[in-house]
Amino acid sequence: MTRILGIETSCDETSAAVLEGKGDQVTQKSLVILSQDVHRVFGGVVPEIASRAHLTSIVPVVARALEEAGTKLDDLDAVAVTNTPGLVGALLVGVSYGKALAFSRGIPLLGIHHMEGHLFAAALEHPDAVPPFTALLISGGHTLLLDVEAWGKYQLLGATRDDAAGEAFDKVAKLLGLPYPGGRYVEQLALEGNPKRFHFARAMVRKNALPKDDDYYAFSFSGIKTAVLNAVRASADIEADKADLARGFQDSLIDTLVEKTWRAANAFSRQRVVLGGGVACNRTLATAMRTRLEPEGITVLTPSPRLATDNAAMIARAAFFRFEQGERSGLDLNAYASSPIPGVVAA
Ligand code: KG4
Ligand code: ZN
């Protein structure tokens, strides 16, 4: 039995979790997530403020996670911390703290890739969310379509060429006068919207595209954001139009995500699709995915909202795999704004 403390400070949540187990049988003993609400005032994450807030919260957040798990520092077998991708100043708080903890206790340290964490999140709740599967990771900063043959063996099929899916939601939310981060407000508003009023193009969804084509799996969401901006400018009564705009935007984005995921699952004959990242909280998306894939015998697995958004449990979960592979990070572990997921190969 292994017990790992996970730490996540890549963006605007300070989070710590304790997980215990072996192989794919891992139990979450605690998870503490402290969200930095201060950024709402600015309509986006302010890096310097994020770093300072992590500094203030990291000690009590870790202490609370240990307490809730009924665990002492001496009971830990390893410390896992997100070291990439993210805001470097924010990452460094977790990395420095994790290093100090590992060094002082003489236990292994593991630097974990944030997106690999998102990939493992569903496995915390669904025993079936294990490879092989098709993965769609949709967050505020990334949109990744992967074929996951085994843990650690990832083929990158498609990514966004410009804005990430969550970023598109957040920008459209801003255009519609909704709070930050706006994904869930757009989803709520879209529920009341008329799907027939605004039709936005589905970028990179050519009917005759073939798997060998560049745009078969790729995404692009900046065009739709401009299209929404133009529609907002052309609107005579934005209050009356905004639910319909939210609906038109979300339908276009969801159609694209579902189509590309279907293409990947189909091409690799996968029976499971795993979603991860904050946009995976979108229930309209999950329903559309199921409606399209389940009749073909493909199960769609999504993490619950608390695990889909940034949290340390997913980091500790990914660390179990890396730890059992014998991987360890040195005390020279650094933070990086961006880097590829370990074990990923381009398609
Ligand atoms: O994974 P995450 O918590 O942080 C990053 O790693 O970026 O994802 C945050 C993103 C934000 O863009 C947020 O608007 C979006 O997830 N999001 C949603 C929903 N809930 C959160 N997007 C669409 N629908 C939602 N219900
Ligand atoms: Zn994330």
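Residues numbered from 1 in each chain as written. Chains lettered and ligands numbered in written order. Predicted model: local features only at pLDDT ≥ 70, side-chain atom pairs only at ≥ 80, totals over all residues. Heavy atoms only, no water.

**With respect to the sheet that holds strand S9 (residues 272-276)**
Logical step 1: Taken in spatial order, the six strands line up as S10-S9-S6-S7-S8-S11 in an open sheet, and their pairing is mixed. Edge positions in the sheet fall to strand S10 (299-301) and strand S11 (344-346), since each of these pairs with one other strand and no more. Taken pair by pair, the neighbouring strands of this sheet meet at an average axis angle of 25°, ignoring direction. (Pairing = 2+ DSSP bridges. Helix = DSSP H or I, 4+ residues; strand = E, 2+ residues; numbered from the N terminus. Axes fitted to C-alpha atoms, helices over the stretch in contact; angles between N-to-C directions.)

**Things to note about the packing of helix H5 (residues 183-191) against helix H7 (residues 238-267)**
If you want to describe how two helices pack, look at the angle between their axes and the distance between the axes.
Logical step 1: One way to put it is that H5 packs onto H7 with a least axis distance of 7 Å and a crossing angle of 110°. Regarding the angle of H5 to H7, the classification is roughly perpendicular. Where H5 abuts H7, its residues Val 186, Glu 187, Leu 189 and Ala 190 lie against Lys 242, Ala 243, Ala 246, Arg 247, Phe 249 and Gln 250.
Logical step 2: Across the contact of H5 with H7, the residue classes tally to six nonpolar, one polar and three charged. (Parallel < 35°, antiparallel > 145°, perpendicular 65-115°, else oblique. Contact = heavy atoms within 4.5 Å. Nonpolar A, V, L, I, M, F, W, Y, C, P; charged D, E, K, R; others polar.)

**Some points on the sheet that holds strand S5 (residues 109-113)**
Logical step 1: The sheet built from five strands is open, its strands ordered S3-S2-S1-S4-S5 with mixed pairing. At either end of the open sheet lies a strand with only one pairing partner, and these are strand S3 (25-35) and S5. Strand-to-strand, the axes of this sheet are offset by a mean angle of 20°, without reference to chain direction.
Logical step 2: In the sheet, strand S1 (residues 2-8) pairs with strand S2 (residues 13-22) via seven bridges, with the strands oriented antiparallel.

**Focus on helix H3 (residues 114-121)**
Given 3.6 residues per helical turn, the α-helix brings residues three or four places apart onto the same face.
Logical step 1: Among the eight residues of H3, eight are classified as buried, and the element is accordingly described as predominantly covered.
Logical step 2: Considered for burial, the residues of H3 that qualify are His 114, Met 115, Glu 116, Gly 117, His 118, Leu 119, Phe 120 and Ala 121. (Buried < 20%, exposed > 50% of the residue type's maximum accessible area, 1.4 Å probe, protein only.)

**Observations regarding the coordination of the zinc ion (ligand 2)**
Logical step 1: For the zinc ion (ligand 2), the full set of protein donor atoms is His 114 (NE2), His 118 (NE2) and Asp 310 (OD), and the range of their distances to it is 2.0 to 2.1 Å.
Logical step 2: The coordination sphere of the zinc ion (ligand 2) comprises four donor atoms, whose angles at the metal cover 94 to 141°; the geometry is irregular.
Logical step 3: Spacing between the donor residues of the zinc ion (ligand 2) along their common chain follows H-x3-H-x191-D. Linking His 118 in helix H3 with Asp 310 in the loop between helix H9 (305-308) and helix H10 (312-324), this pair joins segments that are 192 residues apart in sequence. An identical accessibility class is assigned to His 118 and Asp 310; each is buried. (Donors = N, O, S within 2.8 Å, 3.2 Å for Na, K, Ca; no water. Tetrahedral: all angles 85-135°; square planar, octahedral: opposite > 155°, others 65-115°.)

**Observations regarding the site of ligand 1**
Logical step 1: Around ligand 1, the structure places 19 residues, and the nearest of them are Gly 140, Asp 170, Glu 187, Gly 278 and Asn 282.
Logical step 2: Here an oxygen atom of ligand 1 and a backbone polar atom of Val 279 are 3.5 Å apart.
Logical step 3: If you list the elements that add at least two residues to the shell around ligand 1, you get H3, helix H4 (165-175) and H5.
Logical step 4: Classifying every residue of the shell around ligand 1 gives four nonpolar, 11 polar and four charged.
Logical step 5: Split by domain, the shell around ligand 1 shows at least three residues from each of two domains, domain 1 (2-119 + 308-346) and domain 2 (131-302). (Near = heavy atom within 4 Å. Polar contact = N/O pair within 3.5 Å; in protein donor to acceptor, adjacent residues only side chain to side chain. Domains from an automatic or database assignment.)

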